[in-house]
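Below are the chains, spelled out letter by letter.
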Amino acid sequence: MLNKGLRDEEKIRIDNVLKTLRTLIFVPYPLSHLQKSDIENQLKEFGLNVETLVNYSNEDLITLLNRLHFDWEQLEQFGDILIEFSKEENYNFEDKALAIYQYIQQESKVFSFGINGKIASAKAKK
C-alpha cells in the first residue's frame, strides 16, 4: 500500500493525465493525427495505447486501473473518456466503460444515481 504522501502524488499524477485526455478527446470534430498521437502519449502514462486498450479484456483493464491506484472518481472519469473516444473515433469502448461503471457501482458499496444513469445509457447504446 502506498503511504499518504506517495498516494497523494499518485492521485495528482493520475488526475493530470485524465484531465489532459479529456481535453484531447472532448473536441467537437474528428481528431487530427497529432491529437491521436497526443492521446497515445497520455495513455502511455497508464501503460496503455489504443491498440492495447482495444485488446484488453474488461477485467484486465479494471485490474490494471486498480493496480495504478485509480480511485472511484478516476475510474468514472476514465469510463467517461472511453465513451467520448468511442463517439469521435472508430473504436467501440462502450463495453469497457460499462464494465468500469458496473464495477464502481458494485465495489464502492455506495449507490450512485450518476453511475446508475451512465450504466443505463451505456446499455441503451448496445
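The notes below deal with the structure included here.

Definitions and cut-offs
- Residues numbered from 1 in each chain as written.
- Predicted model: local features only at pLDDT ≥ 70, side-chain atom pairs only at ≥ 80, totals over all residues.
- Heavy atoms only, no water.
- Helix = DSSP H or I, 4+ residues; strand = E, 2+ residues; numbered from the N terminus.
- Rg over C-alpha atoms; globule rule 2.2 N^0.38 Å.
- Buried < 20%, exposed > 50% of the residue type's maximum accessible area, 1.4 Å probe, protein only.
- Contact = heavy atoms within 4.5 Å.
- Areas by Shrake-Rupley, 256 points an atom, 1.4 Å probe, with all protein chains shown as cover.
- Lys, Arg positive; Asp, Glu negative; His and termini not counted.
- Charge placed at Lys NZ, Arg CZ, Asp CG, Glu CD.
- Phe/Tyr/Trp six-rings, centres within 6.5 Å; stacked < 30°, edge-to-face > 60°.
- Salt bridge = Lys/Arg side-chain N within 4 Å of Asp/Glu carboxyl O.
- Expected span 1.5 Å × (residues − 1).
- Arc of directions from axis to C-beta.

Scanning the protein chain from N- to C-terminus turns up seven helices and zero strands. In terms of overall size, the protein chain behaves like a compact globule, its C-alpha atoms giving a radius of gyration of 14 Å where 126 residues would be expected to give roughly 14 Å. Dimensions of the protein chain, computed from the C-alpha atoms along their principal axes, are close to 40 × 35 × 25 Å. Among the 126 residues that make up the protein chain, the fraction classed as buried is 40%. Counting contacts in the protein chain only where the partners sit at least 6 residues apart, residues at least 24 apart contribute 58% of the total. Surface exposure of the protein chain reaches about 7300 Å², of which carbon and sulfur atoms provide 52%. Within the protein chain, one finds 16 positive and 20 negative side-chain charges whose respective centroids are separated by 3 Å.

Before going further, it helps to examine the packing of aromatic side chains. For any two aromatic rings, the description comes down to two numbers: the centre-to-centre distance and the angle of the planes. What the rule picks out here adds up to eight aromatic pairs. Aromatic pair Trp72 and Tyr103: ring centres 5.9 Å apart, planes at 50°, arrangement tilted. Here Trp72 is found in helix H5 (residues 72-88), whereas its partner Tyr103 is found in helix H6 (residues 94-107), with 31 residues between them in sequence. What makes Trp72 partly exposed here is its relative accessible area of 35%. The class of Tyr103 is partly exposed, set by a relative accessible area of 22%. With a centroid separation of 5.8 Å and an interplanar angle of 10°, the aromatic rings of Phe85 and Phe93 are classed as stacked. Taken together, the aromatic side chains of Phe46, Phe70 and Phe78 make up a single cluster linked through ring pairs.

This paragraph deals with the side chain of Lys96. Looking at where Lys96 falls in the secondary structure, it is placed in helix H6. Of the side chains with opposite charge, Asp95 lies nearest to the buried Lys96, which makes no salt bridge, at 7.7 Å. Discounting chain neighbours no more than four positions away, the residues touching Lys96 are Leu53, Val54, Tyr56, Ser57, Asn58, Leu61 and Leu82.

The next subject is helix H1 (residues 4-25). For H1, with 22 residues, the first-to-last C-alpha span of 31 Å sits near the 32 Å given by 1.5 Å per residue. Of all the positions in H1, only Glu10, Ile14, Val17, Leu18, Leu21, Leu24 and Ile25 are classed as buried. In a view along the axis of H1, the buried residues occupy a sector of 120°, so they form one face of it. Residues of H1 that are exposed and point more than 90 degrees away from the buried face comprise Lys4, Glu9, Ile12, Lys19 and Thr23.

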